[in-house]
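Structural description and commentary
So the chains spell out like this:
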Amino acid sequence: MKAAVLHAFKTPLVIEDVPRPSLSPDDLLIAVEACGVCHSDVHVAEGDWPQLASIVKKPLILGHEVAGRVVETGANVRELRVGDRVGVPWIFWTCGACESCREGHENLCANQKITGVSVNGGYAEFLKAPASHATKIPDALSSMEAAPLFCAGVTVYRAVQKAKILAGQRVAIFGVGGLGHLALQMTAGLGAQVMAIDVSEEKLMLAESLGATETCNAAGADAGKKLRRLGAHVALVTSAAKSAYDLAFSCLRPTGTLLVVGLPAENICFPPILMAALEINMHATAVGTRQDLRAVLALAAEGKFRPQVSARPLCEANAVLEALRQGKISGRVVLTP
């Protein structure tokens, strides 16, 4: 089968023929129809996260927003059949036995396997995955629409749920990319007043079309002043830029909540005196559980929000990753083997 393979950090992916995966009794073989390209793929390919670098499989097939059709099942698989459309998220497998799993936080499983990191992902024609952790895709969603929900969608959904956003509250969303444009739709759907912040006028225009009450170009001379006046109840950062966190912290009102979703390569830091004086809350989101994912897919199928998706062939994987590095992608790009 064809796949885009990472052989070493900081090197281009190589489009090559690799063996089609063989199945164990509990696995599915999925013909990939769409695989979202996430900014996390850039970080994995660059080796930006020391915490993950040691578990990155090499050679590696990237991709953790996978949607496709079951073409073969292992002998023990009963709930899914050949022909079913399913998706595979960042969390490839969890043990079900560690403390986090027992407490209902399988997204924090101590023994988890990660799609496109510790096991091969979806930048390929076929993907092997455990049937227990593949999720059926509703008929109302195409595979292209569904793929980004398996990371971008479920991650911001979990963040929004943690923040308990109320109608009328002011929400600042930093970054109108793959995650941000979905977060914007979700929060606007709750009746919040949403300000979208980005450095791209094209992305800010997209934000307005998706329901943003106001926009702000973070590169503008008066951006800092404008954001400080906002007094946001919630600031949700989907950008992978450290500077976005600095701005987000400055725009919060007393008792405001900072949602940590985007993952810069550098550490972020805030003045403890201001954190205490304003009683700032912080929540971080590690993708989501299978229960979260089913909820996201159901809401999207009802039309509550929809990813803005464009497709590129698998052979253009390196070009898409480079466009992500340069911040040139609005919405989400999926690779279509």
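All values reported here derive from a predicted model rather than from experimental measurement. (Residues numbered from 1 in each chain as written. Predicted model: local features only at pLDDT ≥ 70, side-chain atom pairs only at ≥ 80, totals over all residues. Heavy atoms only, no water.)

Quick word on the overall build of the protein
Inclusion rule: In this description a helix means any DSSP run of H or I spanning at least four residues, a strand means any run of E spanning at least two, and both kinds are numbered starting from the N terminus. In this description the radius of gyration comes from C-alpha coordinates, and the expected globular size is given by 2.2 Å times residues to the power 0.38. Exposure categories follow from relative accessible area, calculated using a 1.4 Å probe and restricted to protein chains: below 20% of the type maximum is buried, above 50% is exposed, and the middle band is partly exposed. Only heavy atoms matter for contacts: two residues are in contact if any of them lie within 4.5 Å across the pair. Charged residues are defined narrowly, with Lys and Arg counted positive, Asp and Glu counted negative, and His plus the chain ends left uncounted. To locate a charge, the coordinates of NZ of Lys, CZ of Arg, CG of Asp or CD of Glu are taken.
A tally of helices and strands in the protein yields 12 helices and 18 strands. What you see for the protein is a C-alpha radius of gyration of 20 Å, in line with the 20 Å of a compact globule of 337 residues. Counting only C-alpha atoms, the protein reaches 60 × 40 × 35 Å along its principal axes. When burial is assessed residue by residue, the protein has 53% of its 337 residues classed as buried. Intrachain contacts of the protein at a sequence separation of at least 6 include 68% that bridge at least 24 residues. When the 32 basic and 31 acidic side-chain charges of the protein are each reduced to a single mean position, those positions are 3 Å apart.

Let's talk about the packing of aromatic side chains
Inclusion rule: Note on aromatic pairs: the rings of Phe, Tyr and Trp (six-membered ring only in Trp) are paired at centre separations within 6.5 Å, and the planes decide the class, stacked below 30 degrees, edge-to-face beyond 60, tilted for the rest. Two limits define a charge over a ring: the Lys NZ or Arg CZ must be within 6 Å of the ring centre, and within 35 degrees of the ring normal.
With the rule as written, the count across this model stands at 1 aromatic pair. Arg 20 extends its terminal NZ or CZ atom over the ring of Phe 126, reaching a point 4.0 Å from the ring centre.

Things to note about the side chain of Glu 106
Convention followed: Polar contact is defined as a pair of N or O atoms within 3.5 Å, subject to the rule that within protein one atom must be able to donate a hydrogen and the other to accept it, and that residues adjacent in sequence are counted only when both atoms are side-chain atoms.
As for its position among the elements, Glu 106 is in the loop between α3 (99–102) and β8 (113–114). There is a polar contact of 2.6 Å between the side chain of Glu 106 and the side chain of Arg 290. In contact with Glu 106, not counting residues within four places along its chain, are Ile 91, Thr 94, Ser 100, Cys 101, Thr 289 and Arg 290.

Quick look at the sheet that holds strand β4 (residues 60–61)
Basically, it comes down to this: By definition, two strands form a pair when at least two bridges between them are found by DSSP.
Across the sheet, 3 strands lie side by side as β2-β1-β4; this open sheet has antiparallel pairing. Either end of the sheet is taken by a strand with one partner, and the two such strands are β2 (14–17) and β4. Pairing between strand β1 (residues 2–6) and β4: 2 bridges, direction antiparallel. By the bridge assignment for β4, Val 5 is matched with Ile 61.

Here's the deal with the sheet that holds strand β11 (residues 170–174)
Applicable threshold: Here the axes come from fitting lines to C-alpha atoms, over the contacting stretch only for helices, and the angles between their N-to-C directions go from 0 to 180 degrees.
Within the open sheet, the 6 strands sit side by side as β13-β12-β11-β14-β15-β16. Their pairing is parallel. Strand pairing shows two members of the sheet lacking a second neighbour, β13 (214–217) and β16 (281–284), which therefore form its edges. The sheet shows a mean angle of 20° between the axes of neighbouring strands, direction not considered. Pairing of β11 with strand β14 (residues 232–237), which is carried by 4 bridges, proceeds in the parallel orientation. Residue pairing for β14: Ile 173 is matched across the bridge by Leu 236. Across the sheet, helix α6 (residues 180–189) is in contact with β11, β12 (193–198) and β14; its angle to β11 comes to roughly 170°.

Thoughts on the nonpolar core
Put simply, the test is: By nonpolar core is meant a set of buried Ala, Val, Leu, Ile, Met, Phe, Trp, Tyr and Cys residues that side-chain atoms within 4.5 Å join together.
Counting 54 residues, the largest nonpolar core has Leu 13, Leu 28, Ile 61, Trp 90 and Tyr 123 as the members making the most contacts within it. If one sorts the elements of this core by residue count, strand β3 (residues 27–36) sits on top with 6 residues. Core analysis: the next-biggest nonpolar cluster, separate from the first, contains 42 residues, Leu 179, Met 186, Leu 259 and Leu 297 among them.

Some thoughts on helix α5 (residues 152–163)
For clarity, the threshold we go by: Expected helix span is taken as 1.5 Å per residue step, with the number of steps being one fewer than the number of residues.
For α5, with 12 residues, the first-to-last C-alpha span of 17 Å sits near the 16 Å given by 1.5 Å per residue. With 10 of 12 residues buried, α5 lies mostly within the body of the structure. Listing the buried residues of α5 in full gives Ala 152, Gly 153, Val 154, Thr 155, Val 156, Tyr 157, Arg 158, Ala 159, Val 160 and Ala 163. Elements in contact with the buried residues of α5: α6, β14, β15 (252–260), α11 (290–301) and β18 (332–336). Of the residues flanking the end of α5, it is Lys 164, one or two places downstream, whose phi is positive at about 50°.

As for the state of the cysteines
Note: disulfide means a covalent bond formed between the sulfur atoms of two cysteine side chains. Note the threshold: Two cysteine sulfur atoms make up a disulfide if the distance between them is within 2.5 Å.
Evaluation of the coordinates by the stated rule reveals 0 disulfides. Looking at Cys 315, it has no disulfide partner, and the nearest cysteine sulfur is the one in Cys 35, 15 Å off. Since its relative accessible area comes to 56%, Cys 315 is described here as exposed.

Details of the side chain of Ser 239
Within the secondary structure layout, Ser 239 lies in the loop between β14 and α9 (242–250). A polar atom in the side chain of Ser 239 sits 3.0 Å from the backbone nitrogen of Ala 241. With near-sequence residues (within four places) excluded, Ser 239 lies in contact with Phe 174, Gly 175, Ala 244, Tyr 245, Gly 262 and Leu 263.

A short note on the pattern of salt bridges
How we decide: In the sections that follow, a salt bridge refers to a side-chain nitrogen of Lys or Arg positioned within 4 Å of a carboxyl oxygen of Asp or Glu.
Per the counting criterion, the structure on display carries 13 salt bridges. The shortest N-O distance in the salt bridge between Arg 290 and Glu 106 comes to 2.6 Å. Within this pair, whereas Arg 290 is found in helix α11, its partner Glu 106 is found in the loop between α3 and β8, the two being separated by 184 residues in sequence. Classification of Arg 290 by relative accessible area gives partly exposed; the value is 25%. Through salt bridges with shared partners, a single network forms among Lys 10, Glu 46, Glu 322 and Arg 325.

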